[in-house]
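Spelled out, the chains give:
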Amino acid sequence: MAKTAKGSGRDNRKIIIDTAISIIGEKGVEHTSLARIAKESGLSKGTIYYYYASKNDLIFDIADLHMERISATLFSMLENEKALSREQLLTAFFETLLGSETRSRLHLYLIQEAVSGNTVLKERFRKTYARWFSLVEKAYSRMSGSRKELAAESEFIVALADGLILQTLLETDMPPLDKIVSLVRKIL
């Protein structure tokens, strides 16, 4: 259970995480410090350090929360909509990942941190991506039965989503999502 400031009713951990996400989304992981989080959150440095001994500890919590939010949205969507077509599944998956510029930026910055040598974060991404691969594969399997290519197709879709996040943030001249989904559907 998250700790709150005595008598304040505020969830300090949530305040810290929300502030850090905002700063990371704007400036990146490298330019985010616990001191800056303290300043922008209105919490003392001591309070920040009470919850997080290091920036890495905070980054791990943010990465877990970020990936879990996306995963929960996708799992919920698939469980509640048993009769999704492949097009609907692809559209929903891409919209979930591309739906928020802040979330997209955070995703990209966390990936950058993971591939820049943060081995613990890299391993967390691997585990989450494995869950996403499995999620897409199971959904596709329900739609079309067992096929040899399902695992590769699922990994392709997740990789494509990361590429779309990057292109969206770079503001490239991308075709509309429905055209991308239609093309992917033709390929797969």
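Residues numbered from 1 in each chain as written. Predicted model: local features only at pLDDT ≥ 70, side-chain atom pairs only at ≥ 80, totals over all residues. Heavy atoms only, no water.

Remarks on the side chain of Ser 154
As for its placement among the helices and strands, Ser 154 is situated in helix α8 (residues 150-169). Sequence-distant contacts of Ser 154, that is, excluding residues within four places in its chain, are made with Phe 133, Val 136 and Glu 137. (Helix = DSSP H or I, 4+ residues; strand = E, 2+ residues; numbered from the N terminus. Contact = heavy atoms within 4.5 Å.)

Considerations on the pattern of salt bridges
Tallied over the full model, the rule gives 8 salt bridges. We note a salt bridge from Arg 124 to Asp 64, for which the minimum N-O separation is 2.7 Å. Here the residue Arg 124 occupies a position in helix α7 (residues 119-144), and Asp 64 occupies one in helix α4 (residues 55-80), the gap between them amounting to 60 residues. A relative accessible area of 27% places Arg 124 in the partly exposed class. Exposure remark for Asp 64: the relative accessible area of 36% places this residue in the partly exposed category. The partner of Arg 126 in a salt bridge is Glu 123, and the shortest N-O contact between them spans 3.5 Å. Placement of both Arg 126 and Glu 123 in helix α7 is noted, with a separation of 3 residues, approximately one turn of the helix. Judged by its relative accessible area of 51%, Arg 126 falls in the exposed class. Given the relative accessible area of 33%, Glu 123 is considered partly exposed. (Salt bridge = Lys/Arg side-chain N within 4 Å of Asp/Glu carboxyl O. Buried < 20%, exposed > 50% of the residue type's maximum accessible area, 1.4 Å probe, protein only.)

What to know about the confidence of the model for the protein chain
In the predicted model, the protein chain carries a mean pLDDT of 82, and the fraction of residues at 70 or more is 88%. Summarising per-element confidence for the protein chain, the mean pLDDT is lowest in helix α5 (residues 86-98) (79) and highest in helix α2 (residues 34-41) (95). Here residues 1-7 scores under 50 on pLDDT; set against residues more than four positions off or in separate chains, the count is 14 contacts. (pLDDT = per-residue confidence, 0-100.)

A short note on the packing of aromatic side chains
Per the counting criterion, the structure on display carries 4 aromatic pairs. Aromatic side chains Tyr 50 and Tyr 51 sit 5.1 Å apart centroid to centroid with 90 degrees between the ring planes, which places their arrangement in the edge-to-face category. Exposure remark for Tyr 50: the relative accessible area of 53% places this residue in the exposed category. The buried category is assigned to Tyr 51, whose relative accessible area is 11%. Ring geometry for Tyr 129 versus Phe 133: centroids 6.3 Å apart, planes at 70 degrees, classification edge-to-face. A residue pair is termed a helical-turn pair when its members lie 3 or 4 positions apart in one helix, as Tyr 129 and Phe 133 do in helix α7 at 4 residues. (Phe/Tyr/Trp six-rings, centres within 6.5 Å; stacked < 30°, edge-to-face > 60°.)

A word on the nonpolar core
One finds Leu 58, Ile 62, Phe 93 and Phe 94 to be the most contacted residues of the largest nonpolar core, which totals 54 residues. Among the elements that take part in this core, α4 stands out by supplying 9 residues, more than any other. Contacts of Phe 93, omitting those with residues within four sequence positions, involve Leu 74, Val 136, Ile 157, Val 158 and Ala 161. (Core = buried A, V, L, I, M, F, W, Y, C linked by side-chain atoms within 4.5 Å.)

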